[in-house]
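Each chain, written out:
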Amino acid sequence: MNSTGPPRLLDLATLSLLRVEAWAIAALESLPMELFPPLFMEAVAGRHSKTLKAMVQAWPFSHLPLGALMKAQRAPQDVLKAALEGLDVLLAQKVRPRRWKLKVLDLRGNANTSFWNMWSGTWDRSSVGSYEGPEVAQPKTKRRKVDDSRKEEKQLLAPVQVLLEELCLKKAAPDEFLTFLLKRAKQRKGLPHLCCRKLEFVDMALGHLQKILRMVQLDCVQEVEVHGSWDLFTLARFAPPLGQMVNLSRLRVSDILLNSFTPWAAEEVEKLVFQFSSQLLRLHQLQELHLDSVFFLEGRLDQVLRCLKTPLVTLFITNCLLLESDLTYLSSCLHTSHLRYLNLSDVNMMGLSPEFLQVLLEGVSATLHRLELDGCGITDYHLTSISPALGRCSQLTSFSFRGNPVSTVAVESLLRHTVVLSKFRLGLLPVPLECYVGLQGTLDLGNLRGYLAELRLTLQDLGRPDAVLLFSDSACSYHTILLYSVT
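Everything quoted here is computed from the prediction, not taken from an experiment. (Residues numbered from 1 in each chain as written. Predicted model: local features only at pLDDT ≥ 70, side-chain atom pairs only at ≥ 80, totals over all residues. Heavy atoms only, no water.)

A. Main features of the overall build of the protein. Counting its secondary structure elements, the protein contains 18 helices and 17 strands. Looking at the protein as a whole, 49% of its 487 residues are labelled buried. Contacts in the protein between residues far apart in sequence, at least 24 positions, make up 79% of those at least 6 positions apart. Of the roughly 23700 Å² that the protein leaves accessible, carbon and sulfur atoms contribute 53%. (Helix = DSSP H or I, 4+ residues; strand = E, 2+ residues; numbered from the N terminus. Buried < 20%, exposed > 50% of the residue type's maximum accessible area, 1.4 Å probe, protein only. Contact = heavy atoms within 4.5 Å. Areas by Shrake-Rupley, 256 points an atom, 1.4 Å probe, with all protein chains shown as cover.)

And the structure:
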C-alpha cells in the first residue's frame, strides 16, 4: 500500500478482498494479473496464510521474489510456510493450474526489490507483462521438433527453481524450508531445483543429505561447511557431489574422525582419503580451505594439498595432528605460496625445528596479511627464529600467538620486527612467562603492570604508539584480560 498519500482504489479493493479469505481465493481464477502483486503484498502484511498458499499456486509471473518482500516487511516464518505449502501442492500435481507460470521462487533476502517497488505506488500497466524477473538458467540442448501436446505437457511440468542465499541442513530443529525439502524428497516426484550460494551441513545423516543434494544445482554452490561428527567413510561418500561444485571458492570441513570402534586398515584409510582429495582436482575456483579437527591428515597432508588446482588465499589447518614431514611439505607447496591468511592454531609444534615456519613465511612475504599460531607450543626459540621472516611480510596487518609459553625477550624480538611494518595494526599475544610466579604459575598483576610500562616505551621508540596489542592469560583459554592501546 502507498503510504505517501490517501489510499488508492486498488488498495481499498485488495483490503476488501482480504476481509474474507474465501472471496480472495475464489477471485484468483479471474483476477487480472496486475492485481496479483498488490494483493500478495497485503496478504503478507496481514499474515493471510490461506490466501498466500492459493496465490502461489495461481502466480501468473515467472518470478516470485518472496525473500526480499519478507525482509522488507519483517514477515514471520508463517509466511514462508504458507508459500511452501502452496508450492508443495503445485509440485504434487500432474497438470498444474492454467494461469500458473512460476519458474523461480526467490527466497534471498538481498534480492532485487524492483518487482515489489513497481507495485508499491503508481505503476505503468504497459510494463506489467514485460517484467518476469530473472530467467531460469537451463543447460543448452539440441533443439528437436515436438508435437504441441508434448510441448505443452513439458511446459506444465517444468521444475521450479528455488533461489537461496544459504541452505543449512541440520539434524536438530529443522526449519520450515528443510522440513519442506525432506517431505518432497520422500515423495520423489515434482522435486524443486535449488540454487544456493552456501551449503552448511550440521550433524545431518548422509542418507537425508544425499536425497536433498539431488535437488541442488551443484554448480551454483560457492561455499560449503561441514560440521558434526562425520567419520572418514562418510566424508568419502560425500566427495562425489562435492566434486560437482565446480564454482566452489570456500570449503570448511570440521570434526572428521577415524572411528575408534572400527579396526581401520591402513590401505582402507588411504583409499578413503584418496576418494576425498581426488575430488579437489575438479575445484578450479577454490581459494579458501578450512580443515578443523580433521584427524586423517597425519602423514597425509601432501595427498590433500597436491590435489589443489590453484593457489589458496586462505588456509586454516587447526586442531589437527600433523607430522614434521606434513609441515615441511606445507612450507614448500606451490599452492600455499600466495596466502593472505594462514591459521595453524592448535597444531602441536613443540620440539619441532622452526625451519619450516621460516621457509613458509619467506614464501608468502609478499602476500600475507594475517597469521594465527595460537596454542602451538611455540617457545622462545621458535619465536625469535621466525621473527625476521615475519618482519619481511610487507602486507602484514595482524598476528596472534596466544597460548604459547614465551618470555619478554622473545616478545620484544617479535615486536621489533613487526610493529614497524607500515600496515601492521593488531597483535594478539600471551602474557609473558616473567609475569607469573610460584609453582602454580599465578599471574602477578604487579609484574604485568611493570612489563606494560616498559612495552609502552618500546613502542614509542619504534615510532608505533598507535599499535594495538591484546594480551591473554594462558590459564584462561585465550580469554583476553587486557587491552593495551597507546594512542
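Next comes the rest of the write-up.
B. Inspection of the packing of helix 10 (residues 206-213) against helix 11 (residues 232-243) at higher detail. Where helix 10 contacts helix 11, the axes come no closer than 11 Å and their chain directions differ by 0°. Here helix 10 is positioned roughly parallel relative to helix 11, judged by the angle of their axes. Contact with helix 10, carried on its side by Leu206, Leu209, Gln210 and Leu213, involves Thr234, Arg237, Phe238 and Pro241 of helix 11 and no other residues of that element. When grouped by side-chain class, the residues that make up the contact of helix 10 with helix 11 number five nonpolar, two polar and one charged. (Axes fitted to C-alpha atoms, helices over the stretch in contact; angles between N-to-C directions. Parallel < 35°, antiparallel > 145°, perpendicular 65-115°, else oblique. Nonpolar A, V, L, I, M, F, W, Y, C, P; charged D, E, K, R; others polar.)

C. Representation of the packing of aromatic side chains in the model. As enumerated under the stated definition, the model contains 16 aromatic pairs in all. Their ring planes at 80° and their centres at 5.4 Å tell us that Phe61 and Phe115 sit as a pair that is edge-to-face. In this pair, Phe61 is assigned in the loop between helix 4 (49-57) and strand 1 (63-64) and Phe115 in helix 7 (residues 114-119), connecting sequence segments 54 residues apart. Each member of the pair, Phe61 as well as Phe115, carries the same accessibility label: buried. (Phe/Tyr/Trp six-rings, centres within 6.5 Å; stacked < 30°, edge-to-face > 60°.)

D. Layout of the nonpolar core. Phe40 and Phe238 are the most contacted members of the largest nonpolar core, which has 141 residues in total. Sort the elements by how many residues they give to this core and helix 6 (residues 77-92) lands first, with eight residues. Among residues more than four places away in sequence, those in contact with Phe238 are Phe201, Leu209, Leu213, Val224, Val226, Trp230 and Met245. (Core = buried A, V, L, I, M, F, W, Y, C linked by side-chain atoms within 4.5 Å.)

E. The arrangement of the pattern of salt bridges in detail. The full count for this structure, using the stated rule, is 14 salt bridges. Across the pair Arg250 and Glu223 runs a salt bridge whose closest N-O atoms are separated by 3.6 Å. Here Arg250 is found in strand 7 (residues 250-257), whereas its partner Glu223 is found in strand 5 (residues 223-227), with 27 residues between them in sequence. Under the relative-accessibility criterion, Glu223 is labelled buried at 15%. A salt bridge links Arg402 to Asp374; the nearest nitrogen and oxygen atoms lie 3.0 Å apart. (Salt bridge = Lys/Arg side-chain N within 4 Å of Asp/Glu carboxyl O.)

F. Expanded view of the environment of Gly228. Tracing the backbone shows Gly228 in the loop between strand 5 and strand 6 (230-231). Between the alpha carbons of Gly228 and Ser254 there is a distance of 7.0 Å; along the sequence they are 26 residues apart. Each residue touching Gly228, except ones within four places of it in the same chain, is listed here: Asp203, Ser254 and Asp255.

G. Highlighting the packing of helix 4 against helix 6. Here helix 4 crosses helix 6 at 40°, and the two axes come no closer than 8 Å. It follows from the interaxial angle that helix 4 and helix 6 lie oblique. Relative to helix 6, the crossing made by helix 4 is right-handed. Contacts between helix 4 and helix 6 involve Ser49, Leu52, Lys53, Val56 and Gln57 from the first element and Asp78, Val79, Ala82, Ala83, Glu85, Gly86, Leu87, Val89 and Leu90 from the second. (Left-handed = near helix turned anticlockwise from the far one by under 90°.)

H. The arrangement of unusual backbone geometry in detail. You will see that Arg74, though not glycine, has its phi angle at about 50°, which is positive. A residue is classified by how much of its surface remains accessible, and Arg74, at 77% relative accessible area, is exposed.

I. Helix 16 (residues 380-391), seen in detail. For helix 16, with 12 residues, the first-to-last C-alpha span of 16 Å sits near the 16 Å given by 1.5 Å per residue. Taken as a whole, helix 16 has its buried residues at His382, Leu383, Ser385, Ile386, Ser387, Ala389, Leu390 and Gly391. Tucked inside the fold, the buried residues of helix 16 contact helix 15 (355-363), strand 11 (370-372), strand 12 (398-400) and helix 17 (408-418). (Expected span 1.5 Å × (residues − 1).)

J. Molecular detail of the environment of Ala82. In this fold, Ala82 is placed in helix 6. Separated by 32 residues in the primary sequence, Ala82 and Lys50 place their C-alpha atoms 7.1 Å from one another.

K. Quick peek at the pairing of strand 8 (residues 288-294). The element strand 8 is extensively covered by neighbouring structure, given that five of its seven residues are classed as buried. Relative to strand 8, strand 7 is paired through six bridges, and the arrangement is parallel. Bridge pairing links Arg250 to Glu288 in strand 8. As defined by bridge partners, strand 8 adjoins strand 9 (residues 314-318) across five bridges and the pair is classed as parallel. From the neighbouring strand, His290 faces strand 9, where its bridge partner is Phe316. (Pairing = 2+ DSSP bridges.)

L. Just helix 14 (residues 324-332), in detail. Inspection of helix 14 places Asp326, Leu327, Tyr329, Leu330 and Ser331 among the buried residues, and these make up the whole buried set. The inward-facing, buried residues of helix 14 abut helix 13 (301-305), strand 9 and helix 15.

M. Representation of the side chain of Gln279 in the model. Among the structural elements, Gln279 can be located in the loop between helix 12 (266-277) and strand 8. Among the residues examined, Gln279 registers a relative accessible area of 15% and is labelled buried. Not counting residues within four places of it along the chain, the set of residues in contact with Gln279 comprises Ala239, Pro240 and Gly243.

N. Representation of the pairing of strand 5. Taking burial as the measure, the five residues of strand 5 include five buried ones, the bulk of the element. Here strand 5 shows two buried faces, one formed by Glu223, Glu225 and His227 and the other by Val224 and Val226. Summarising the sheet, strand 4 (residues 193-202) and strand 5 pair through five bridges and their orientation is parallel. The residue bridging Val202 from the neighbouring strand is His227, located in strand 5. Relative to strand 7, strand 5 runs parallel, the two sharing four bridges. Counted as the bridge partner of Val226 is Val253 from strand 7.

O. The confidence of the model for the protein, seen in detail. Counting all residues, the mean pLDDT for the protein is 83, and 80% of those residues have values of 70 or more. Per-residue pLDDT stays below 50 along residues 478-487; that stretch engages in 38 contacts with residues further than four places along the chain or on separate chains. (pLDDT = per-residue confidence, 0-100.)

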